[in-house]
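Single-letter residue listing:
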Amino acid sequence: MFRKSRLILIALAVLVGACAPAATPTVAPTSVPTSSPTVVPTPTPIVLTDGLGHTVTLNSVPKRIISIAPSNTELLFAVGAGDQVVGREELSDFPEAAKQIASIGSVYGKINTEAIVALKPDLILAAEINPPEQVKTLQDLRLTVYYLSNPTDFDGLYANIKVAGQLTGHDAEAQKLIDNTKARYAAVVNKVAVSSFMPKVYYELDATDPTKPYTTGPGTFVDLLIRLAGGQNIGASLKDQYAQISAEEIVKQNPEVIVLGDAAYGISIDSIGARAGWASIAAVKNKAVFAFDDNLASRPGPRLIDGLEQLAMLLHPDLFK
């Protein structure tokens, strides 16, 4: 059965924009404060324009925030505002502490507006995963909603981190995170720039039908990360951002690296070589098939830098010894 909800999540979450086996290199993950620092109030009132063009005014630093997108939940914790989050969308599963926060339902089922109102939020942080109509429903309840647009590149990610800091009174922590992310980004890009080898990469999103698996096309953050990591996405020539590609075409393209973004859904490294004709693919012959946590590439949040680092290590292991 096709995992429709998973693909909807990815497509909505990265508009323009897993348990890995031992074979997958690891890097230090994006740090998340174990305890939230003391909130240093941003000069108030806080007045910002959100991604829908709405002017959002906060008369004081919000103490009760609800995140209705997994990427936003990660962002709030990453800037040190985790203690201010009182509600989260059901799929918000990182960091571990987020799982202890009250769920207000899933955007793919029905958000529990009664639960949201009962939590008495002074700010709701939405993202592109949330349809504008959903945002309006919450605004009609006289709730303050800030719609954070998905980044299309790392500059956009830095801007979102800054906004998260401004909204929550964690400007200094946000700037520290931006500076750290920029340094890590430069380290990866500069390192892969010395290599003239750009391996062809097949990134698998869903192989419910292995004869026509889903992959990532142009204009997604996954596509961007592959390019920044020094690779060539074989799905870049497809028309849609997320589309099916025939098994015959994959064999023809002969990718040097295969990345399994669907590893968390039961697709194993060994099963790839067992697919008809796939044993002849360079990545299979050279044991360059890797499990990968797709959340590092498909959630438009602070862990995108983790995704870039891990992909670069998979594509250019010789540069990261």
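Check the entry above for the structure.
Just so it is clear, the model here is predicted, and its values are computed rather than measured.

Trainee: Can you walk me through the packing of helix α6 (residues 171-192) against helix α12 (residues 304-315) in this structure?
Mentor: Helix packing for two helices is described by the angle between their axes and how far apart those axes are. In the contact formed by α6 and α12, the axes pass within 10 Å of each other and the chain directions differ by 20°. In terms of axis orientation, α6 runs roughly parallel to α12. Of the two elements, α6 crosses α12, and the hand of that crossing is left-handed. Here T181, R184, Y185, V188 and V192 of α6 come into contact with α12, specifically with I305, D306, L308, E309 and A312. A class-by-class count of the residues in the contact of α6 with α12 yields six nonpolar, one polar and three charged.

Trainee: Any chance you could explain the pattern of salt bridges here in plain terms?
Mentor: Note that side chains of opposite charge can pair when their charged atoms are close. Summed over the entire model, instances satisfying the criterion amount to nine salt bridges. Ionic pairing is found between R299 and D93, a salt bridge with its closest N-O pair at 3.0 Å. Here D93 lies in the loop between β4 (85-88) and α3 (113-118) and R299 lies in the loop between α11 (295-298) and α12, a separation of 206 residues in the sequence. Relative accessible area serves as the criterion here: at 9%, R299 is assigned to the buried category. With a shortest N-O distance of 3.0 Å, D140 and K136 are connected by a salt bridge. One end of the pair, D140, and the other, K136, are both in helix α4 (residues 132-140), four residues apart, so they sit about a helical turn from each other. By relative accessible area, which is 53% here, D140 ends up exposed. You can call K136 partly exposed: its relative accessible area is 48%.

Calculation rules
Residues numbered from 1 in each chain as written. Predicted model: local features only at pLDDT ≥ 70, side-chain atom pairs only at ≥ 80, totals over all residues. Heavy atoms only, no water. Axes fitted to C-alpha atoms, helices over the stretch in contact; angles between N-to-C directions. Helix = DSSP H or I, 4+ residues; strand = E, 2+ residues; numbered from the N terminus. Parallel < 35°, antiparallel > 145°, perpendicular 65-115°, else oblique. Left-handed = near helix turned anticlockwise from the far one by under 90°. Contact = heavy atoms within 4.5 Å. Nonpolar A, V, L, I, M, F, W, Y, C, P; charged D, E, K, R; others polar. Salt bridge = Lys/Arg side-chain N within 4 Å of Asp/Glu carboxyl O. Buried < 20%, exposed > 50% of the residue type's maximum accessible area, 1.4 Å probe, protein only.

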